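Listed below are the residues making up each chain.
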Amino acid sequence: SSSFARMFVQVCLYFYCKCLWRCLKFVVRKLTGQCELQRICYNTKPGAARTMKIEASLKGSKSKRLQTSVNVHPDAIEKTIDDIMELKRINPDVNPQLGVSLQACLLQIVGYRNLIAEVEKLRREPYDSENPQHEEMLLKLWKCLKPNSPLKARISKQWCEIGFQGDDPKTDFRGMGLLGLYNLVYFAEWDTEIAQQVLTDSLHPKYSQLSKAEWEKKKFDKAIGYSFAIVGINITDLAYNLLVSGALKTHFYNVAPEAPTLTHFQQTFCYLMHEFHKFWIDEDPLDIMEFNRVREKFYKRILRQLQNPEMALCPHFAASESLINM
């Protein structure tokens, strides 16, 4: 009975607060002459802070048309903005900037949802060694990471040199499907120098700049390395979880001037790979069995950073001037 009473009180408080909030919004609108969407757009600078407030406002609206506006097709966004302006009785000629700002926010909101669908599709597609495109991507990964070491055979122990577990990498992609391969290839192709350095360091992290002879003398004191490709697939899983949980909204709404794309996701993966590598070295684990502990600690650190509405994980992928001035 006590649990029922607590639940009853919670329900009453919920409806009381909801009614109180709606009354407060009504009063503020009467005092300012602006609806909540106008106040957010006029008083909050562009980026995650504004877009997340707009998203919450639309989802929390009592109007079904406003609630569903966050789920429209990108081609229907302009029509949706017109509907919102009409529903809120806002004259677009008097408030031209509002429509522009709302459109930018909706493009980001809808784009984030579509990005999740695109990433999920890649994650669910298994690696197929009979598919020439899949095989071509896998061979490209080798060439980018080991340009001076030709692969002697498709099935080869050489794959272990870039951090796969066996002589055929296809079995390692089971967890993340094609998404893991897409991310690794993007990192190796577009951030080649860093990817190659991370690979080298993962093999012998503390003494990567030494000659082979010097390395042999010192390897008893080496930091524990890790399997580059396997960790790349694992960090893909981490990036995927950040995306589907909504944690990456902060970052993407700050760096994507309109709809976040797969490229934004892959750039984020590159950042996470580089940052995890530095984090691993700093943690100086006793052995590879500590991987899950280090990964969890790293994951929590990224989550804390993303709680800041000003956060952009990759500053060099900053939002365009057009968004900043919007």
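Residues numbered from 1 in each chain as written. Predicted model: local features only at pLDDT ≥ 70, side-chain atom pairs only at ≥ 80, totals over all residues. Heavy atoms only, no water.

J.: Even after reading the chapter, I still don't get the overall build of the chain, so can you show me in this structure?
T.: A count of helices and strands for the chain gives 15 helices and zero strands. Taking all 326 residues of the chain together, 44% fall into the buried category. Taking contacts inside the chain between residues at least 6 apart in sequence as the whole, the part at least 24 apart equals 66%. When the accessible surface of the chain is totalled, it reaches about 17,800 Å², and 55% of it is carbon and sulfur. (Helix = DSSP H or I, 4+ residues; strand = E, 2+ residues; numbered from the N terminus. Buried < 20%, exposed > 50% of the residue type's maximum accessible area, 1.4 Å probe, protein only. Contact = heavy atoms within 4.5 Å. Areas by Shrake-Rupley, 256 points an atom, 1.4 Å probe, with all protein chains shown as cover.)

J.: Help me out: how do you make sense of helix 11 (residues 228-244) in this one?
T.: Since one α-helical turn is 3.6 residues long, residues separated by three or four positions face the same way. Counted at 1.5 Å a residue, the expected span for helix 11 with its 17 residues is 24 Å, and the 24 Å between its end C-alpha atoms agrees. Following helix 11 by one or two positions, G246 has its phi on the positive side, about 90°. (Expected span 1.5 Å × (residues − 1).)

J.: Any chance you could explain the state of the cysteines here in plain terms?
T.: Each disulfide consists of one covalent bond between the sulfur atoms belonging to two cysteines. In this structure the tally under the stated criterion is zero disulfides. Of the cysteine sulfurs around C314, a residue in no disulfide, the closest is that of C270, at 8.3 Å. Classification of C314 as buried rests on a relative accessible area of 1%. (Disulfide = S-S within 2.5 Å.)

J.: Even after reading the chapter, I still don't get the packing of aromatic side chains, so can you show me in this structure?
T.: Remark: the centre distance and the inter-plane angle together describe each pair of aromatic rings, the angle taken between the planes. The full count for this structure, using the stated rule, is 16 aromatic pairs. Here Y112 and Y253 contribute two aromatic rings whose centre-to-centre distance is 6.0 Å and whose plane-to-plane angle is 65°, an arrangement assigned as edge-to-face. Linking Y112 in helix 6 (residues 96-124) with Y253 in helix 12 (residues 249-255), this pair joins segments that are 141 residues apart in sequence. Its relative accessible area of 2% is what places Y112 among the buried residues. The class of Y253 is buried, set by a relative accessible area of 0%. Ring plane angle 65° and centroid distance 5.6 Å describe the contact between F276 and F291, whose orientation is recorded as edge-to-face. Separated by 15 residues along the polypeptide, F276 in helix 13 (residues 262-283) and F291 in helix 14 (residues 291-306) bring together distant segments of the chain. A single burial state applies to F276 and to F291, both of which are buried. An aromatic cluster is built from Y226, F276, F279, W280, F291 and F298, whose rings are joined through pairwise contacts. (Phe/Tyr/Trp six-rings, centres within 6.5 Å; stacked < 30°, edge-to-face > 60°.)

J.: Got a minute to help me understand the nonpolar core in this structure?
T.: Inside soluble globular proteins, nonpolar side chains tend to come together where they are buried. Core analysis: the largest hydrophobic core is formed by 84 residues, its most contacted members being I54, L141, L181, L242, F265 and L272. With residues near it in sequence (within four places) discarded, I54 still touches L37, I40, C41, L102, C105 and I109. (Core = buried A, V, L, I, M, F, W, Y, C linked by side-chain atoms within 4.5 Å.)

J.: Could you clarify how one ought to interpret a nonpolar patch on the surface in this entry?
T.: Side chains of F4, M7, F8, V9 and V11 sit close together on the surface and give an oily, nonpolar patch of about 510 Å² of accessible area. The topology assignment puts F4 in helix 1 (residues 2-32). Assessed through its relative accessible area of 54%, F4 is described here as exposed. (Patch = residues over 30% accessible without salt bridge, like charges linked within 9 Å, V, L, I, M, F, W, Y side chains within 5 Å. Salt bridge = Lys/Arg side-chain N within 4 Å of Asp/Glu carboxyl O.)

J.: Hey, could you run me through helix 5 (residues 77-87) in this one?
T.: Among the residues of helix 5, I77, T80, I81, I84 and M85 are the ones counted as buried. Along the axis of helix 5, the buried residues cluster in a sector spanning 140°; they form a single face. Pointing more than 90 degrees away from the buried face of helix 5 are the exposed residues E78, K79, D82 and E86. The elements touched by buried residues of helix 5 are helix 2 (36-43), helix 3 (48-59), helix 4 (64-67) and helix 6. One or two positions beyond helix 5, positive phi appears at R89, with a value near 55°. (Arc of directions from axis to C-beta.)

J.: What is the right way to read the environment of V100 from this model?
T.: Relative to the elements of secondary structure, V100 occurs in helix 6. Looking at V100, the relative accessible area reads 36%, which means it is partly exposed. Residues V100 and C41, spaced 59 residues apart in sequence, show a C-alpha to C-alpha distance of 9.9 Å.

J.: Could you clarify how one ought to interpret the packing of helix 8 (residues 177-190) against helix 13 in this entry?
T.: Angle between the axes and distance between the axes are the two parameters that describe a pair of packed helices. Relative orientation of the contacting elements helix 8 and helix 13 amounts to 70°, with a least axis distance of 9 Å. Taken together, helix 8 and helix 13 sit at an angle that is classed as roughly perpendicular. For the pair formed by helix 8 and helix 13, the contact residues are L179, Y182, N183, L184, Y186 and F187 on the first element and L262, T263, F265, Q266, Q267, F269, C270 and M273 on the second. Taken together, the residues that form the contact of helix 8 with helix 13 break down as ten nonpolar, four polar and no charged. (Axes fitted to C-alpha atoms, helices over the stretch in contact; angles between N-to-C directions. Parallel < 35°, antiparallel > 145°, perpendicular 65-115°, else oblique. Nonpolar A, V, L, I, M, F, W, Y, C, P; charged D, E, K, R; others polar.)

J.: Explain the pattern of salt bridges here, please?
T.: Two side chains with opposite charge may pair up if their charged atoms get near one another. For the coordinates displayed, the defined rule picks out 17 salt bridges. For the salt bridge of R124 with E120, the shortest nitrogen-to-oxygen distance reads 2.8 Å. Taken together, the residues R124 and E120, both in helix 6 and four residues apart, mark about one turn of the helix. For E120, a relative accessible area of 15% puts it in the buried group.

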